[in-house]
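Analysis of the macromolecular model
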Amino acid sequence: MATGRTHRPATRSRGIPEATVARLPLYLRALTALSERSVPTVSSEELAAAAGVNSAKLRKDFSYLGSYGTRGVGYDVEYLVYQISRELGLTQDWPIVMVGIGNLGAALANYGGFASRGFRVAALIDADPAMTGKSVAGMAVQHADELEKIIDANGVSIGVIATPAGAAQQVCDRLVAAGVTSILNFAPTVLSVPDGVDVRKVDLSIELQILAFHEQRKAGEGQEEDVADVDVAGAVDAGGSAAAATAAAKQTRKGPDGDVPAVMPA
(Lines give C-alpha, C1' and ligand atoms only; values in the text may rest on other atoms or scores of the structure.)
Protein backbone atom coordinates (compact mmCIF):
# COMPACT_ATOMS: atom_id res chain seq x y z
CA MET A 1 0.00 0.00 0.00
CA ALA A 2 1.30 3.45 -0.85
CA THR A 3 2.37 5.82 1.90
CA GLY A 4 1.50 9.47 2.32
CA ARG A 5 5.00 10.60 1.41
CA THR A 6 4.83 9.24 -2.13
CA HIS A 7 1.30 10.26 -3.16
CA ARG A 8 -0.65 13.50 -2.74
CA PRO A 9 -4.39 14.15 -3.17
CA ALA A 10 -5.40 15.57 -6.53
CA THR A 11 -8.02 18.08 -5.34
CA ARG A 12 -6.02 21.23 -6.02
CA SER A 13 -4.72 20.13 -9.40
CA ARG A 14 -8.29 19.34 -10.49
CA GLY A 15 -9.50 22.79 -9.46
CA ILE A 16 -11.95 21.77 -6.75
CA PRO A 17 -12.77 24.82 -4.54
CA GLU A 18 -11.61 24.68 -0.93
CA ALA A 19 -15.20 25.12 0.29
CA THR A 20 -16.18 21.99 -1.64
CA VAL A 21 -13.18 20.08 -0.25
CA ALA A 22 -14.31 21.04 3.27
CA ARG A 23 -17.73 19.49 2.61
CA LEU A 24 -16.50 16.23 1.08
CA PRO A 25 -15.86 14.61 4.49
CA LEU A 26 -19.46 15.46 5.48
CA TYR A 27 -20.78 13.69 2.40
CA LEU A 28 -18.46 10.75 2.98
CA ARG A 29 -19.64 10.34 6.58
CA ALA A 30 -23.29 10.36 5.49
CA LEU A 31 -22.60 7.97 2.61
CA THR A 32 -20.64 5.59 4.83
CA ALA A 33 -23.61 5.41 7.21
CA LEU A 34 -25.88 4.58 4.25
CA SER A 35 -23.43 1.96 3.00
CA GLU A 36 -23.35 0.30 6.41
CA ARG A 37 -27.15 -0.01 6.20
CA SER A 38 -26.83 -1.52 2.69
CA VAL A 39 -28.68 1.38 1.07
CA PRO A 40 -27.86 1.14 -2.69
CA THR A 41 -28.85 4.61 -3.92
CA VAL A 42 -29.66 8.00 -2.44
CA SER A 43 -31.25 11.16 -3.82
CA SER A 44 -29.48 14.50 -3.67
CA GLU A 45 -32.17 15.79 -1.29
CA GLU A 46 -31.76 12.86 1.12
CA LEU A 47 -27.97 13.03 1.07
CA ALA A 48 -27.94 16.81 1.44
CA ALA A 49 -30.20 16.58 4.50
CA ALA A 50 -27.97 13.90 6.05
CA ALA A 51 -24.87 16.04 5.43
CA GLY A 52 -26.47 19.28 6.61
CA VAL A 53 -26.25 21.21 3.31
CA ASN A 54 -28.77 22.18 0.64
CA SER A 55 -29.27 19.93 -2.36
CA ALA A 56 -28.27 22.56 -4.95
CA LYS A 57 -24.90 23.00 -3.25
CA LEU A 58 -24.44 19.22 -3.06
CA ARG A 59 -25.13 18.79 -6.79
CA LYS A 60 -22.66 21.58 -7.58
CA ASP A 61 -20.02 19.98 -5.36
CA PHE A 62 -20.48 16.58 -7.00
CA SER A 63 -20.19 18.13 -10.47
CA TYR A 64 -16.54 18.86 -9.63
CA LEU A 65 -16.10 15.12 -9.13
CA GLY A 66 -17.72 14.37 -12.47
CA SER A 67 -20.63 12.69 -10.71
CA TYR A 68 -24.11 13.79 -11.74
CA GLY A 69 -26.29 10.92 -10.56
CA THR A 70 -29.13 9.35 -12.53
CA ARG A 71 -32.46 11.12 -12.93
CA GLY A 72 -35.18 9.26 -11.05
CA VAL A 73 -32.64 7.00 -9.35
CA GLY A 74 -30.15 9.23 -7.54
CA TYR A 75 -26.53 8.51 -6.69
CA ASP A 76 -24.93 5.11 -6.34
CA VAL A 77 -23.82 5.03 -2.70
CA GLU A 78 -20.83 2.69 -3.04
CA TYR A 79 -19.49 4.48 -6.10
CA LEU A 80 -19.75 7.87 -4.38
CA VAL A 81 -17.93 6.49 -1.33
CA TYR A 82 -15.13 5.39 -3.65
CA GLN A 83 -15.10 8.66 -5.61
CA ILE A 84 -14.91 10.89 -2.53
CA SER A 85 -12.43 8.62 -0.75
CA ARG A 86 -10.17 8.72 -3.80
CA GLU A 87 -10.46 12.49 -4.10
CA LEU A 88 -9.59 12.96 -0.42
CA GLY A 89 -6.64 10.60 -0.72
CA LEU A 90 -8.19 8.01 1.57
CA THR A 91 -7.60 5.04 -0.71
CA GLN A 92 -3.99 4.94 0.49
CA ASP A 93 -2.20 4.68 3.81
CA TRP A 94 -1.42 7.94 5.65
CA PRO A 95 1.01 7.42 8.55
CA ILE A 96 0.77 10.16 11.16
CA VAL A 97 2.72 11.10 14.27
CA MET A 98 1.03 12.53 17.32
CA VAL A 99 3.08 14.82 19.56
CA GLY A 100 1.94 15.57 23.11
CA ILE A 101 0.39 12.64 24.93
CA GLY A 102 -1.29 14.40 27.82
CA ASN A 103 -5.00 14.04 28.54
CA LEU A 104 -6.06 15.34 25.13
CA GLY A 105 -3.33 13.49 23.24
CA ALA A 106 -4.18 10.23 24.96
CA ALA A 107 -7.85 10.68 24.14
CA LEU A 108 -6.99 11.31 20.48
CA ALA A 109 -4.70 8.27 20.42
CA ASN A 110 -7.60 6.14 21.63
CA TYR A 111 -9.92 7.43 18.92
CA GLY A 112 -10.80 4.49 16.70
CA GLY A 113 -11.77 6.57 13.69
CA PHE A 114 -8.23 7.14 12.44
CA ALA A 115 -7.62 3.64 11.15
CA SER A 116 -11.08 3.27 9.62
CA ARG A 117 -10.54 6.45 7.60
CA GLY A 118 -7.12 5.64 6.21
CA PHE A 119 -4.86 7.13 8.88
CA ARG A 120 -2.32 4.96 10.65
CA VAL A 121 -0.84 6.31 13.86
CA ALA A 122 2.85 5.54 13.33
CA ALA A 123 4.05 6.92 16.66
CA LEU A 124 3.01 8.65 19.87
CA ILE A 125 5.62 11.16 21.02
CA ASP A 126 6.07 13.15 24.22
CA ALA A 127 8.88 15.29 25.67
CA ASP A 128 8.32 14.06 29.23
CA PRO A 129 10.85 11.29 30.03
CA ALA A 130 8.34 9.83 32.49
CA MET A 131 6.00 9.10 29.57
CA THR A 132 8.60 7.20 27.53
CA GLY A 133 7.68 3.55 27.22
CA LYS A 134 4.19 3.94 28.66
CA SER A 135 1.46 2.18 26.74
CA VAL A 136 -1.28 4.41 25.33
CA ALA A 137 -3.89 2.95 22.98
CA GLY A 138 -1.73 -0.16 22.70
CA MET A 139 1.37 1.78 21.60
CA ALA A 140 4.53 2.62 23.54
CA VAL A 141 5.08 6.38 23.83
CA GLN A 142 8.43 7.46 22.38
CA HIS A 143 10.57 10.39 23.49
CA ALA A 144 10.62 13.62 21.48
CA ASP A 145 14.34 13.15 20.81
CA GLU A 146 13.35 10.41 18.34
CA LEU A 147 10.95 12.64 16.37
CA GLU A 148 13.00 13.19 13.22
CA LYS A 149 14.12 9.57 13.04
CA ILE A 150 10.52 8.34 13.38
CA ILE A 151 9.25 10.68 10.66
CA ASP A 152 11.95 9.58 8.25
CA ALA A 153 11.56 5.86 8.97
CA ASN A 154 7.79 5.90 8.49
CA GLY A 155 7.52 8.37 5.60
CA VAL A 156 5.27 10.63 7.68
CA SER A 157 3.80 13.73 6.04
CA ILE A 158 1.01 14.47 8.54
CA GLY A 159 1.61 15.49 12.15
CA VAL A 160 -0.82 16.05 15.01
CA ILE A 161 0.14 18.54 17.72
CA ALA A 162 -1.59 18.20 21.11
CA THR A 163 1.03 19.91 23.26
CA PRO A 164 0.61 22.93 25.55
CA ALA A 165 0.57 26.23 23.65
CA GLY A 166 4.07 27.20 24.71
CA ALA A 167 5.65 24.14 23.09
CA ALA A 168 3.56 23.98 19.92
CA GLN A 169 5.61 26.26 17.65
CA GLN A 170 8.87 24.50 18.45
CA VAL A 171 7.27 21.14 17.76
CA CYS A 172 5.80 22.52 14.54
CA ASP A 173 9.21 23.76 13.39
CA ARG A 174 10.76 20.35 14.01
CA LEU A 175 7.95 18.57 12.17
CA VAL A 176 8.32 20.84 9.15
CA ALA A 177 12.12 20.55 9.13
CA ALA A 178 11.78 16.77 9.18
CA GLY A 179 9.52 16.74 6.12
CA VAL A 180 5.97 17.00 7.51
CA THR A 181 3.83 19.10 5.18
CA SER A 182 0.40 18.89 6.86
CA ILE A 183 -0.34 19.59 10.53
CA LEU A 184 -3.48 19.18 12.62
CA ASN A 185 -3.07 21.56 15.55
CA PHE A 186 -4.99 21.09 18.80
CA ALA A 187 -2.75 23.47 20.78
CA PRO A 188 -4.48 26.79 21.66
CA THR A 189 -2.12 28.93 19.59
CA VAL A 190 -1.58 30.07 16.02
CA LEU A 191 1.30 28.34 14.27
CA SER A 192 3.64 30.00 11.79
CA VAL A 193 4.55 27.73 8.87
CA PRO A 194 6.29 28.22 5.52
CA ASP A 195 4.51 28.12 2.17
CA GLY A 196 3.60 24.61 1.14
CA VAL A 197 2.67 23.49 4.66
CA ASP A 198 -1.04 23.14 5.46
CA VAL A 199 -2.32 23.67 9.00
CA ARG A 200 -5.80 22.84 10.28
CA LYS A 201 -6.58 24.19 13.73
CA VAL A 202 -9.00 22.62 16.20
CA ASP A 203 -9.64 24.81 19.26
CA LEU A 204 -12.40 23.49 21.51
CA SER A 205 -12.42 26.61 23.71
CA ILE A 206 -13.06 28.87 20.70
CA GLU A 207 -15.95 26.69 19.58
CA LEU A 208 -17.45 26.85 23.08
CA GLN A 209 -17.05 30.64 23.14
CA ILE A 210 -18.93 30.90 19.84
CA LEU A 211 -21.73 28.76 21.29
CA ALA A 212 -21.78 31.01 24.37
CA PHE A 213 -22.24 34.03 22.09
CA HIS A 214 -25.24 32.43 20.41
CA GLU A 215 -26.73 31.41 23.77
CA GLN A 216 -26.38 34.97 25.06
CA ARG A 217 -28.01 36.35 21.92
CA LYS A 218 -30.93 33.91 22.21
CA ALA A 219 -31.39 34.88 25.85
CA GLY A 220 -31.38 38.57 24.91
CA GLU A 221 -33.99 38.03 22.21
CA GLY A 222 -36.17 36.24 24.75
CA GLN A 223 -35.90 39.18 27.14
CA GLU A 224 -36.90 41.63 24.41
CA GLU A 225 -39.99 39.54 23.65
CA ASP A 226 -40.91 39.53 27.35
CA VAL A 227 -40.61 43.34 27.48
CA ALA A 228 -42.85 43.69 24.42
CA ASP A 229 -45.46 41.41 26.00
CA VAL A 230 -45.46 43.50 29.16
CA ASP A 231 -45.90 46.73 27.14
CA VAL A 232 -48.92 45.29 25.31
CA ALA A 233 -50.50 43.93 28.49
CA GLY A 234 -50.06 47.30 30.18
CA ALA A 235 -51.76 49.13 27.37
CA VAL A 236 -54.73 46.76 27.44
CA ASP A 237 -55.04 47.08 31.23
CA ALA A 238 -55.15 50.85 30.83
CA GLY A 239 -58.31 50.53 28.75
CA GLY A 240 -56.92 50.55 25.22
CA SER A 241 -57.89 48.08 22.54
CA ALA A 242 -55.66 45.13 21.72
CA ALA A 243 -54.92 46.61 18.28
CA ALA A 244 -53.94 49.94 19.79
CA ALA A 245 -51.75 48.20 22.35
CA THR A 246 -49.95 46.26 19.64
CA ALA A 247 -49.40 49.45 17.65
CA ALA A 248 -48.02 51.16 20.74
CA ALA A 249 -45.62 48.31 21.37
CA LYS A 250 -44.31 48.64 17.83
CA GLN A 251 -43.55 52.34 18.26
CA THR A 252 -40.43 51.75 20.30
CA ARG A 253 -37.64 49.20 20.18
CA LYS A 254 -34.51 48.86 22.22
CA GLY A 255 -31.51 50.27 20.39
CA PRO A 256 -27.85 50.36 21.42
CA ASP A 257 -28.41 53.77 23.08
CA GLY A 258 -31.86 53.13 24.58
CA ASP A 259 -35.40 53.40 23.20
CA VAL A 260 -35.61 54.54 19.59
CA PRO A 261 -38.67 55.13 17.42
CA ALA A 262 -39.59 52.29 15.10
CA VAL A 263 -39.67 54.83 12.25
CA MET A 264 -37.25 57.73 12.45
CA PRO A 265 -38.66 61.19 11.42
CA ALA A 266 -37.56 62.52 8.05
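See above for the structure.
Let me sum up the structure you'll find in this document.

**What about the overall build of the chain?**
Looking only at helices and strands, the chain features 10 helices and 12 strands. Counting every position in the chain, which comprises 266 residues, the buried fraction comes to 33%. Looking at the chain as shown, the accessible area adds up to about 15600 Å², and 56% of this sits on carbon and sulfur atoms.

**Observations concerning helix α3 (residues 55–63)**
Along α3, the positions that sit buried rather than exposed are Ser55, Leu58, Asp61 and Phe62. Angularly, the buried residues of α3 cover 120° about the axis, an arc narrow enough to put them on a single face. In this structure, the buried residues of α3 make contact with α1 (18–36), α2 (44–51), β2 (75–76) and α4 (77–87). Here α3 starts with a cap whose side-chain oxygen sits 3.2 Å from the backbone nitrogen of Ala56, and that cap is Asn54.

**Section: the pairing of strand β4 (residues 119–126)**
Most of β4 is tucked away, with six of its eight residues classed as buried. Summarising the sheet, strand β3 (residues 94–99) and β4 pair through six bridges and their orientation is parallel. Looking at the pairing, Pro95 lines up with Arg120 of β4. The sheet contact formed by β4 and strand β7 (residues 142–143) spans two bridges and is parallel. Each bridged residue has a counterpart across the sheet, and for Ile125 the counterpart in β7 is Gln142.

Conventions and cut-offs
Residues numbered from 1 in each chain as written. Predicted model: local features only at pLDDT ≥ 70, side-chain atom pairs only at ≥ 80, totals over all residues. Heavy atoms only, no water. Helix = DSSP H or I, 4+ residues; strand = E, 2+ residues; numbered from the N terminus. Buried < 20%, exposed > 50% of the residue type's maximum accessible area, 1.4 Å probe, protein only. Areas by Shrake-Rupley, 256 points an atom, 1.4 Å probe, with all protein chains shown as cover. Arc of directions from axis to C-beta. Contact = heavy atoms within 4.5 Å. Polar contact = N/O pair within 3.5 Å; in protein donor to acceptor, adjacent residues only side chain to side chain. Pairing = 2+ DSSP bridges.

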